[in-house]
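# Structural description and commentary
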Amino acid sequence: QVQLVESGGGLVQPGGSLRLSCAASGSIFRSSAMGWYRQAPGKQRELVATMSTYADSVRGRFTISRDNAKNTVYLQMNSLKPEDTAVYYCYARIQTVGAGTSDYWGPGTQVTVSS
């Protein structure tokens with residue numbers, strides 16, 4: 001089974017930075033897409049970034065990158081604001097060895113921006 005393992009969340013002051021990592025492990029043939037979503041209390045889950053798209057609210061502050069060899073995606077978050085507070089979820093569309101393509105989600109990691 002494929003698993004997504006997230007790390008890097010935590011508490012940070014406004015204006016600070018965090019770097020999230022998400023590594024996919026398992027019998028992976030290739031991943032066709034990886035990205036980040038987030039969900040704040042009382043709000044719907046929203047797309048934060050893919051390799052080709054940023055949400056308007058984070059563009060210019062967040063940077064997504066990917067290491068294909070490690071099946072890992074990163075999210076560098078700078079100039080963090082309280083409204084960035086949310087549970088951040090890693091997403092991947094993965095083709096597994098000997099099987100088809102499926103969508104996977106990480107368990108989520110909490111990012112809290114507060115003074």
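Refer to the preceding data block for the structure.
If you're wondering where the values come from, they're calculated on a predicted model, not measured in any experiment.

## Considerations on unusual backbone geometry
The backbone of Asn 71 sits at a positive phi, close to 50°, despite the residue not being glycine. As for its placement among the helices and strands, Asn 71 is situated in the loop between β6 (62–67) and β7 (72–77). On the basis of relative accessible area, Asn 71 is assigned to the buried category, the value being 17%. Positive phi outside glycine occurs at Ser 79, with the angle close to 50°. Here Ser 79 shows up in the loop between β7 and β8 (86–96). Residue Ser 79 is classed as partly exposed on the basis of its relative accessible area of 41%.

## Focus on the pattern of salt bridges
Per the stated rule, a full pass over the model turns up 5 salt bridges. Arg 38 serves as the salt-bridge partner of Glu 46, at 2.7 Å between the closest nitrogen and oxygen. Overall, Arg 38 belongs to the buried group, its relative accessible area being 5%. With a shortest N-O distance of 2.8 Å, Arg 61 and Asp 84 are connected by a salt bridge. Placement of Arg 61 in the loop between β5 (46–50) and β6 and of Asp 84 in the loop between β7 and β8 is noted, with a sequence separation of 23 residues between them. Take Asp 84: its relative accessible area is 1%, and that puts it in the buried class.

The rules behind these values
- Residues numbered from 1 in each chain as written.
- Predicted model: local features only at pLDDT ≥ 70, side-chain atom pairs only at ≥ 80, totals over all residues.
- Heavy atoms only, no water.
- Helix = DSSP H or I, 4+ residues; strand = E, 2+ residues; numbered from the N terminus.
- Buried < 20%, exposed > 50% of the residue type's maximum accessible area, 1.4 Å probe, protein only.
- Salt bridge = Lys/Arg side-chain N within 4 Å of Asp/Glu carboxyl O.

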